[in-house]
Amino acid sequence: MSDARKPRMKEAAEDAPLPKLDVENQPKPAPDKPLSPEQSYLQRKAEVARQDHEVFSEYLQEKIAREQQQKVQLAEPPPKTPTKVNRRSLLTWVAGTAVVGEAVTLGYPMVTGQSIPAQGLQHGGGTYTEAQRHPIDREFVNPKADVGGRNFGSWVLLMPTKLGGGTYAVNLETGRALAWISYWNYGDYNPISHHLCAFPSADPAKGFEWINSTQGGKNALIYGIPTNIETPGEGFNIYRVRFDGAQMELMENVAESTGLGLGVHVTIDPKTAERYFVTDGQKDIAACFDRRTSRVIAAIKYDWVPNVRNLAEGWQKGGTLKISRIYPDPKTGKYDYLGTKGQKIEWEMVPMGELFVEEGTIPGDDVHGLCGADGTIWHPSGRWASTVVRLCGGQVILDAEKNFEPVAFLQFNKDAPNQYPIKKIDNDHWEVTFDKIFSPGHEVGFSPDGRFLCMMNNLRENNCSVFDSSDPDPRNWKKIAHSEDPLWRGKYPNPFHMVFSIDSSKLYLSILHPSPASSGVMVVDTNTWKIKKEIQGIGPDMQTLAITYDGKYVVGVFSGFQRLSSGIAFIDAERDELVGIWPSNGGHHDCVIIPTQLEHMKHTRSCTL
């Protein structure tokens, strides 16, 4: 790796105040030195967090009052004064958890059921020389992990550690980490291990292969963690990695092979498992790769042309989404998007961070042109693909059998039409024209049976929007529901990542609360799209959910916003009850259970983000 791509350290730690995320202690400029863009972002982010907590406290007060009123109606006790939330102490109060009716303190069952056998050790003393004649009791340990007598099955859970710079796998049957890898060892000086997706393996404990995207650049500086790094390494690598049953080995850096440095969502074609998408929302590029050769099958770039140049109105007042095929340099056969090259903004739009773009808090070379196209999922049949365009509040449906030609744009906002037409300019260019955009969106997913397509409406709307996707022609897909809690205030709590039950009858949504409050999971009935249950107080930054392929358990990871409490949560999918939490280090933002057959791919991250 060239010196130009290595991180540059500050000459002295005291040259500039270190950015902090603590809302009570904002980064302040030195008397003769203004805040850096990163420090300004963290300061503004903390101000927004304080506002979020004020709105969140109102939500808590109303929820507590409602629950106490329900108790009054059931038990008819003497009237009580409703509990009040002290906003000044809210951060301390909810961190780790105990707010009545919201951050319930949950037990952390210990892994039990494994005893230490007697080893038959003999101590002969210093003068003992005679050969031992009696038999030695030798017992081979066969560990089994359980929580309260529950065994989670012989599945392997793969998790990136984000700022930890690597990835590791855990055997859910034994509770042991099978192996781990650190990308620092391979000369990556900013390996933000972000998202991943695994290919099917008949026996994952003996080996499997996966694709791991990594972020880079100033994404290392946006969490308020003290650092002496001034200019982080460029990163944005795509790693193809193999576990051989004993250790993990980096097989290829696909970014270097192709010239496409992309750092966000990764999904594998569920029909054949022979091709995969990597999509990056800082560069607005989605690329499909061949698994065996790493050849780029298709690369599509998304660009926004607003009707007005004022950032605050640049998306709300509409504009044109331009969709283009891009090609490698014919001389080198490679693209020119390695490292941070081609990024429109200098760091990602974090969850619930889309509005920072509108107010100009995130700098970049082409902020006005940003779409936030950061993920492409597959229809469970493999017939269609869908790229989420966050700032347009919708998805572009791509024809996977016609070189991923765009065929429809689905709009998920409540008051918007079902679709906006796609105008074909030529074989490599398309346009979608918007009169207005009501709200950004984020995570998306198909149900395993292919009948439903969901998208999270974030920020200005706060719900899970649902399309009927059962028609063979995507141009006929229509909105049918918006799942939401009537108590939700502002942008929090916020539906985020999702997974469907194996039979598609239930949808599980991770529900984000403002840091460091513990997040939870909502259970939605897909027959009515009504919320059945809320599982509260699991842990901060509850994000990706997965389901064991026998349908018995929903597994979720929470990362503590890169530095707080973190763990792996297990939910009984029959009773929809949290049954235990395992410790898990690392700031994981994603996870996948390794599929053991091709059929399992429709239940993985390939079909939901």
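Rules used throughout
- Residues numbered from 1 in each chain as written.
- Predicted model: local features only at pLDDT ≥ 70, side-chain atom pairs only at ≥ 80, totals over all residues.
- Heavy atoms only, no water.
- Helix = DSSP H or I, 4+ residues; strand = E, 2+ residues; numbered from the N terminus.
- Buried < 20%, exposed > 50% of the residue type's maximum accessible area, 1.4 Å probe, protein only.
- Contact = heavy atoms within 4.5 Å.
- Areas by Shrake-Rupley, 256 points an atom, 1.4 Å probe, with all protein chains shown as cover.
- pLDDT = per-residue confidence, 0-100.
- Pairing = 2+ DSSP bridges.
- Axes fitted to C-alpha atoms, helices over the stretch in contact; angles between N-to-C directions.
- 1 Å grid on protein atoms, 1.4 Å probe; cavity = no way out; pocket = protein on both sides within 12 Å on 5 of 7 lines; lining within 4 Å.
- Points joined across faces, edges and corners; volume = space filled by probe spheres on them.
- Nonpolar A, V, L, I, M, F, W, Y, C, P; charged D, E, K, R; others polar.
- Core = buried A, V, L, I, M, F, W, Y, C linked by side-chain atoms within 4.5 Å.
- Phe/Tyr/Trp six-rings, centres within 6.5 Å; stacked < 30°, edge-to-face > 60°.
- Lys NZ or Arg CZ within 6 Å of the ring centre and 35° of its normal.
- Salt bridge = Lys/Arg side-chain N within 4 Å of Asp/Glu carboxyl O.

## A closer look at the overall build of the chain
Item 1. Each helix and strand counted, the chain has four helices and 34 strands in total.
Item 2. Expressed as a percentage of the 609 residues in the chain, the buried residues total 57%.
Item 3. Pairs at least 24 apart in sequence give 58% of the contacts found in the chain among residues at least 6 apart.
Item 4. For the chain, the accessible area works out to roughly 25,100 Å², and carbon and sulfur atoms hold 50% of it.

## Section: the confidence of the model for the chain
The predicted structure's coordinates, where accompanied by low pLDDT, should not be read in detail.
Item 1. On average, the chain scores 87 in pLDDT, and the residues at 70 or more come to 85%.
Item 2. This model gives residues 12-26 a pLDDT under 50, and the stretch forms 34 contacts once residues within four places in sequence are excluded.

## Things to note about the sheet that holds strand E29 (residues 530-539)
Item 1. Overall, antiparallel pairing links the four strands, which are arranged E26-E27-E28-E29 in an open sheet. With partners counted over all chains shown, the strands left at the sheet margins are strand E26 (494-500) and E29, one partner each. Strand after strand, the sheet turns through a mean of 25 degrees between neighbouring axes, direction not considered.
Item 2. Where strand E28 (residues 519-525) lies against E29, six bridges are found, and the strand directions are antiparallel. Pairing of Val 523 across the sheet is with Lys 533, part of E29.

## Some words on empty space enclosed by the protein
Item 1. Summed over the entire model, instances satisfying the criterion amount to six cavities of 30 Å³ or more.
Item 2. A volume near 140 Å³ is recorded for the largest cavity.
Item 3. Lining the largest cavity we find 19 residues, and of these Val 264, Glu 348, Met 349, Asp 374 and Arg 390 sit closest to its centre.
Item 4. For the lining of the largest cavity, the elements supplying multiple residues, two or more each, are strand E5 (192-198), strand E22 (441-446) and E26.
Item 5. Residues belonging to the lining of the largest cavity are distributed by class as follows: five nonpolar, 10 polar and four charged.
Item 6. Lining the second largest cavity we find Leu 545, Ala 546, Ile 547, Tyr 549, Cys 591, Val 592, Ile 593, His 603, Thr 604, Arg 605 and Thr 608.
Item 7. Elements that contribute at least two residues to the lining of the second largest cavity include exactly strand E30 (542-547) and strand E34 (592-593).
Item 8. In terms of residues, the lining of the second largest cavity owes the most to one element, E30, which gives three residues.

## Some words on the nonpolar core
Burial of nonpolar side chains together is a common tendency in soluble globular proteins.
Item 1. Formed by 42 residues in total, the largest nonpolar core has its most connected members in Tyr 302, Leu 321, Phe 404, Phe 409 and Phe 434.
Item 2. Broken down by secondary-structure element, the contributors of at least two residues to this core are helix H1 (37-75), strand E12 (285-290), strand E13 (296-306), strand E14 (319-325), helix H4 (354-358), strand E16 (384-389), strand E17 (394-399) and strand E21 (429-434).
Item 3. With four residues, the top contributor of residues to this core is E13.
Item 4. Not counting chain neighbours up to four residues away, the residues in contact with Phe 404 comprise Arg 275, Phe 277, Cys 288, Ile 297, Ala 298, Ile 300, Arg 325, Trp 378, Ala 385, Leu 398 and Asp 399.
Item 5. By size, the runner-up hydrophobic cluster in this structure holds 25 residues, among which are Tyr 59, Phe 452, Val 466 and Val 524.

## Details of the sheet that holds strand E25 (residues 478-483)
Item 1. Taken in spatial order, the four strands of this open sheet run E22-E23-E24-E25, and their pairing is antiparallel. Taken across any chain shown, the strands that pair with only one partner, and hence form the sheet edges, are E22 and E25. Adjacent strand axes in the sheet meet at a mean angle of 25 degrees when their direction is disregarded.

## What about the environment of Thr 231?
Item 1. Within the secondary structure layout, Thr 231 lies in strand E7 (residues 229-231).
Item 2. Residues Thr 231 and Pro 7, spaced 224 residues apart in sequence, show a C-alpha to C-alpha distance of 5.4 Å.

## Some points on the packing of aromatic side chains
Item 1. The full count for this structure, using the stated rule, is 22 aromatic pairs.
Item 2. One aromatic cluster is present, formed by Phe 152, Tyr 553, Phe 570 and Trp 582 through successive ring pairs.
Item 3. One cation-aromatic arrangement involves Lys 283 over Phe 236; the distance from NZ or CZ to the ring centre is 4.9 Å.
Item 4. Its end group placed over the ring of Trp 384, Arg 383 keeps NZ or CZ at 4.1 Å from the ring centre.

## Description of the environment of Pro 540
Item 1. By the secondary structure assignment, Pro 540 is in the loop between E29 and E30.
Item 2. Overall, Pro 540 belongs to the buried group, its relative accessible area being 6%.
Item 3. A C-alpha to C-alpha distance of 4.8 Å links Pro 540 and Gly 560, two positions 20 residues apart in sequence.
Item 4. Aside from chain neighbours lying at most four places away, what touches Pro 540 is Pro 516, Ala 517, Ser 518, Ser 519, Phe 558, Ser 559, Gly 560, Phe 561, Leu 564 and Ser 565.

## Side note on the pattern of salt bridges
Item 1. Inspection of every chain in the model, using the stated rule, returns 35 salt bridges.
Item 2. The shortest N-O distance in the salt bridge between Glu 38 and Lys 218 comes to 2.7 Å. With Glu 38 in helix H1 and Lys 218 in the loop between strand E6 (208-215) and E7, this residue pair connects regions lying 180 residues apart in the sequence.
Item 3. Of the residues examined, Lys 218 reaches a relative accessible area of 24% and is grouped as partly exposed.
Item 4. Here Lys 344 and Asp 303 are joined by a salt bridge, their closest N and O atoms 2.8 Å apart. Highlighted residues: Lys 344 in the loop between E14 and H4 and Asp 303 in strand E13, separated in sequence by 41 residues. Each of the two residues, Lys 344 as well as Asp 303, counts as buried.
Item 5. The network of salt bridges with shared partners includes Glu 209, Arg 240, Glu 252 and Arg 291.

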